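In case you want the letters, here they are:
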Amino acid sequence: MCGIIGVVRLSKARLGQPLGQIIRQSLEKLEYRGYDSVGLACIVENELVIRKGKGKIKDVSVTQGFDRLNGDVGMGHTRWATHGKPNDINAHPHRDCTGRVAVVHNGIISNYSLLKQELLARGHRFMSETDTEVFAHLIEEKLAAGYGGYHAFKAALMSIAGSYSFLALITQEPDKIFFARRNSPLVLGISSDALFVASDIPAFLEYTDRVVALSDGEVGFIALDGSVVVEDLASARRVDLSGRIRKIGWTPELARKGGYPHYMIKEIHEQPRVLADTVKSLLDDGSYQRAAEVMLSSKRIFLVAAGTAHHATLAARDALLTLGGMVSYPVVSSEYALHALGVEEGDCVVAVSQSGETIDTLLALREFKERGAMVVSLTNMMDSAIARESDLQLYTKAGPEIGVAATKTFITQVASLVFLAAKLGVMNGKLREDEYTAFLKHLEEAPELVEKNINISEPSAKELARILRDRSSMYCLSRGLGVPLAKEGALKIKEVSYIHCEAYEAGESKHGPISLVARMFPVVFVASDTGTFEQLSSNLVEMKSRDAYTVGLIPAGENHTLAGFDYTFTLSSALPVINTILFAPTLQLLAYYLALSRGYDPDKPRNLAKTVTVE
Ligand code: M6R
């Protein structure tokens with residue numbers, strides 16, 4: 001998704017570099033979101049200067065001289081093309097006919113086509129094919145009608161339908177950056193040296209960790225006199241920010257690569273620590289007790305999420321059943337409209353999202369809430385839209401996840417959700433106290449075992465990646481409680497290595513998929529659920545007899561039940577529900593090294609963005 005940063009520099013003494021350089025560095029922190037072009041605009045001597053182009057920040061910033069641009073008020077943008085090809089002209093910022101207005105945008109203006117026709121009919125000249133440009137011309141019209149800069153910005157917003165986070169520079173009020181948010185994330189960063197407004201916190205984490213997450217429908221500006229003004233667009237009422245400024249406690253080091261070549265591998269290695277932080281917080285946090293009470297008293301439980309987070313909810317479904325004896329309904333967020341038909345008062349929805357901003361999950365949550373469901377959210381982002389719109393907020397403690405491929409957020413989501421299931425189990429009498437105590441002990445030991453499994457798996461994952469690097473297709477199979485991880489492993493492999501990898505319940509082989517299996521076809525078995533090993537052995541034999549290349553992730557000590565793989569990862573294990581956490585890093589490492597051995601950058605998978613904020 002597009003990345004946005006706006007900077008108002010308050011102190012030249014402490015932020016001495018040229019503004020263009022500060023903006024360029026902030027944009028680099030947003031690269032993980034995915035982009036095809038980049039640009040910036042600064043106010044220099046009350047005039048707008050715009051530089052932009054298609055390509056990587058490191059190249060465009062040199063050809064366009066980003067670092068030489070100075071001033072105290074400026075904004076930058078990385079574009080992920082939706083309307084109009086990725087090219088120099090469609091790169092943001094976009095300007096009006098007079099050159100007095102520049103805008104950057106993340107989201108989609110759904111009525112842009114009609115607006116553009118009307119603007120063209122009124123004589124405006126368009127440079128780009130983007131939906132965004134209409135907004136610059138709408139502001140221009142309001143300025144021409146005599147509005148001041150901020151009023152023109154607000155008045156223009158009234159015509160826009162769709163989703164947006166907008167920033168605008170208007171030379172009439174050259175000391176300000178105007179912003180607005182609807183269904184697309186935007187956060188303010190506040191320090192005595194500078195004020196920031198960005199799509200994500202890492203953009204300004206180098207300078208401040210004091211943030212205000214803006215809500216949908218909020219509009220405002222940051223200004224050179226240090227003022228931060230936020231209003232509710234609909235009512236024009238000023239929003240009191242005093243209670244909303246949070247110190248998030250993330251350090252810039254957390255968001256940097258810390259000596260690793262990629263964020264993905266750094267984040268894989270962070271898992272023991274963030275899992276320990278998450279487990280500790282689970283035990284200290286009373287919200288899990290309240291969430292368990294809500295779930296226990298509800299008629300039905302829906303688990304709403306997308307992608308990796310959806311796989312975490314599949315693990316939650318299985319844990320709720322095995323530990324709590326409770327049936328729940330996982331719903332892929334983008335399919336919410338169908339499933340919402342069955343939602344009613346007294347139901348509960350658990351919305352799981354790393355970013356807390358995924359639009360499909362947010363829309364699902366709204367629809368389910370509208371129909372009377374209580375909403376519990378589990379996110380990694382304090383004050384994200386999903387957290388704010390929930391009745392009860394739970395948080396993972398994974399820290400900033402920059403790699404597009406979710407790794408550490410997956411295992412912390414699973415840890416939080418299986419903990420919730422165990423809590424429910426003990427509350428409804430399905431789990432005895434001694435079983436619950438044993439479960440907690442396993443969970444507390446999990447960070448250490450994750451570390452062991454990472455150390456055991458890394459050299460082997462590298463070696464196996466070399467063996468499998470030329471394959472074009474593979475399977476990832478499991479049974480019982482291992483199936484959600486098989487699905488997550490397949491997603492990791494396909495998204496970063498571009499090898500087609502399909503996951504399914506191993507018993508399904510003979511109902512169709514085995515017809516693809518031939519000599520050396522790779523089949524990975526996730527043997528994390530000890531209760532299924534007998535049947536899994538038959539599935540292994542089935543694959544071996546077709547000369548497949550078989551890989552096993554098996555618990556240490558189980559070699560005699562499940563043997564004969566061509567390649568084996570022998571892993572530390574615990575209860576099957578916890579093995580999903582313990583075995584996940586092995587598949588993440590395999591995906592990472594497959595990407596490297598095939599010559600791809602795992603941090604920038606093609607066509608993917610970290611946070612999907614458009615439907
Ligand atoms: O921020 P969310 O957890 O809501 O994101 C949902 C998916 O887009 C995300 O999990 C995606 O599948 C992963 N980044 C893939 O690794």
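Keep in mind it's a predicted model, so treat the numbers as computed, not measured.

Chemist: Help me understand the site of the ligand in this model?
Modeler: Close contacts around the ligand come from 14 residues, with Ser-353, Gln-354, Ser-355, Thr-358 and Glu-495 the closest. With respect to the ligand, the backbone of Ala-406 contributes an N or O atom lying 2.9 Å from an oxygen atom. Bound to the protein, the ligand loses 91% of the 410 Å² it would expose on its own. For the ligand, the cavity whose grid points lie within 2 Å of the majority of its atoms is the largest pocket. Looking at the shell around the ligand, the elements that each hand over two or more residues are α10 (307-324) and α16 (483-497).

Chemist: It is not clear to me how the UniProt feature "domain: SIS" (unreviewed entry) in the protein should be interpreted in this structure. Could you clarify?
Modeler: What UniProt calls "domain: SIS" (unreviewed entry) maps, in this numbering, to residues 291-430 and 464-605. Note that residues 291-430 is 47% helix and 19% strand, and that its end C-alpha atoms are spaced 18 Å apart.

Chemist: I would appreciate a short explanation of empty space enclosed by the protein in the present structure.
Modeler: Summed over all chains, the structure comprises five cavities of 30 Å³ or more. One number sums up the size of the largest cavity: a volume of about 240 Å³. Lining the largest cavity are 26 residues, and of these Ser-199, Asp-200, Ser-355, Glu-357 and Met-381 sit closest to its centre. Class assignment for the residues of the lining of the largest cavity results in 14 nonpolar, five polar and seven charged.

Chemist: Just to check I follow, could you spell out the side chain of His-105 for this structure?
Modeler: Relative to the elements of secondary structure, His-105 occurs in strand β6 (residues 101-109). For His-105, a relative accessible area of 1% puts it in the buried group. Engagement of the side chain of His-105 in a polar contact is seen with the backbone oxygen of Ser-163, the distance being 3.3 Å. What His-105 contacts, discounting residues up to four positions off in sequence, is Cys-2, Ile-4, His-77, His-92, Asp-131, Thr-132, Ser-163, Tyr-164, Ser-165 and Phe-166.

Chemist: In this structure, what is going on with helix α3 (residues 112-121)? I would like to understand it.
Modeler: For the α-helix, the turn length of 3.6 residues means that residues three or four positions removed from each other point alike. Every buried residue of α3 is listed here: Leu-115, Lys-116 and Leu-119. Burial along α3 is one-sided: seen end-on, the buried residues are contained in an arc of 100 degrees. In this structure, α3 carries Gln-117 and Ala-121 as exposed residues pointing more than 90 degrees from its buried face. Buried residues in α3 make contact with β6 and α4 (133-144). Downstream of α3 by one or two residues, Gly-123 has phi in the positive range, about 100 degrees.

Chemist: Can you walk me through the packing of aromatic side chains in this structure?
Modeler: Remark: the centre distance and the inter-plane angle together describe each pair of aromatic rings, the angle taken between the planes. Applying the stated rule across the entire model yields 18 aromatic pairs. Ring geometry for Phe-302 against Phe-368: centres 5.6 Å apart, planes inclined by 80 degrees, an arrangement best described as edge-to-face. Residue Phe-302 is located in strand β15 (residues 301-305), and its partner Phe-368 is located in helix α12 (residues 359-370); the two are separated by 66 residues in the primary sequence. For Phe-368, a relative accessible area of 0% translates into the label buried. Sitting over the ring of Tyr-35, Lys-56 keeps its end group 4.7 Å from the ring centre. Sitting above the plane of the Tyr-498 ring, Arg-606 keeps its charged end 3.7 Å from the centroid.

Chemist: Which parts of the structure should I look at to understand the domain arrangement of the protein?
Modeler: Along its sequence, the protein is carved into domain 1 (3-256) and domain 2 (267-597). When each unit is reduced to the centre of its C-alpha atoms, the spacing between domain 1 and domain 2 is 37 Å. Listed by partner, the interface residues are 14 residues for domain 1 and 17 residues for domain 2. Regarding the contact of domain 1 and domain 2, the summed buried area is about 1400 Å², with carbon and sulfur atoms giving 57% of it. Counting the surface domain 1 buries against domain 2, the share from its top three residues, Tyr-32, Trp-250 and Leu-254, is 37%. Where domain 1 meets domain 2, there are three salt bridges. In this structure, the connection of domain 1 to domain 2 is made through six residue pairs in polar contact (both at pLDDT 80 or more). By residue class, the composition of the side of domain 1 that touches domain 2 is eight nonpolar, two polar and four charged.

What counts as what
- Numbering of residues begins from 1 in every chain and follows the order in which that chain's sequence is written.
- Since the coordinates come from a predicted model, pLDDT governs what is reported: local features require at least 70, and pairs of side-chain atoms require 80 or more to be given and counted, while whole-chain, interface and lining totals use all residues.
- For side-chain calculations, the full set of non-hydrogen atoms in the structure is used, while hydrogens and water are omitted.
- We call a residue near a molecule or strand as soon as one heavy atom of that residue lies within 4 Å of the molecule or strand.
- Two N or O atoms form a polar contact when they lie within 3.5 Å of each other; inside protein one atom must be a possible hydrogen donor and the other a possible acceptor, and for residues adjacent in sequence the pair counts only when both atoms belong to side chains.
- Calculation of accessible area relied on Shrake-Rupley with a 1.4 Å probe; when residues are assessed, cover is drawn exclusively from the protein chains displayed.
- Of the two site types, the cavity is a set of points on a 1 Å grid over the protein atoms alone where a 1.4 Å probe fits but cannot get out, and the pocket is an open set with protein on both sides within 12 Å along at least five of seven lines, each lined by residues with an atom within 4 Å of a point.
- In this scheme, a molecule is assigned to a cavity or pocket if more than half of its atoms are within 2 Å of the grid points.
- In this description a helix means any DSSP run of H or I spanning at least four residues, a strand means any run of E spanning at least two, and both kinds are numbered starting from the N terminus.
- UniProt positions are given in the numbering used here, feature names are shortened, and annotations may be inferred rather than shown by experiment.
- Grid points are joined across faces, edges and corners, and a volume is the space filled by probe spheres set on the points.
- Gly is put with the polar residues, along with every residue not named as nonpolar or charged; the nonpolar set is Ala, Val, Leu, Ile, Met, Phe, Trp, Tyr, Cys and Pro, and the charged set is Asp, Glu, Lys and Arg.
- Residue burial is assigned from relative accessible area. The probe radius is 1.4 Å, only protein chains are included, and a residue is buried under 20% of its type maximum, exposed over 50%, and partly exposed in between.
- Here, two residues are considered to be in contact whenever any of their heavy atoms come within 4.5 Å of each other.
- The arc under discussion is defined with respect to the helix axis, by the directions toward the C-beta atoms.
- Aromatic pairs are defined between Phe, Tyr and Trp rings, using the six-membered ring for Trp, whenever the two ring centres lie within 6.5 Å; interplanar angles under 30 degrees are classed as stacked, those over 60 as edge-to-face, and all others as tilted.
- Our definition puts a charge over a ring when NZ of Lys or CZ of Arg is within 6 Å of the ring centre and also within 35 degrees of the ring normal.
- Domain delimitation follows an automatic or database domain assignment.
- Once two parts are brought into contact, the accessible area they lose, counted with a 1.4 Å probe and summed over both, makes up the buried area.
- Put simply, a salt bridge is a Lys or Arg side-chain nitrogen that is within 4 Å of an Asp or Glu carboxyl oxygen.

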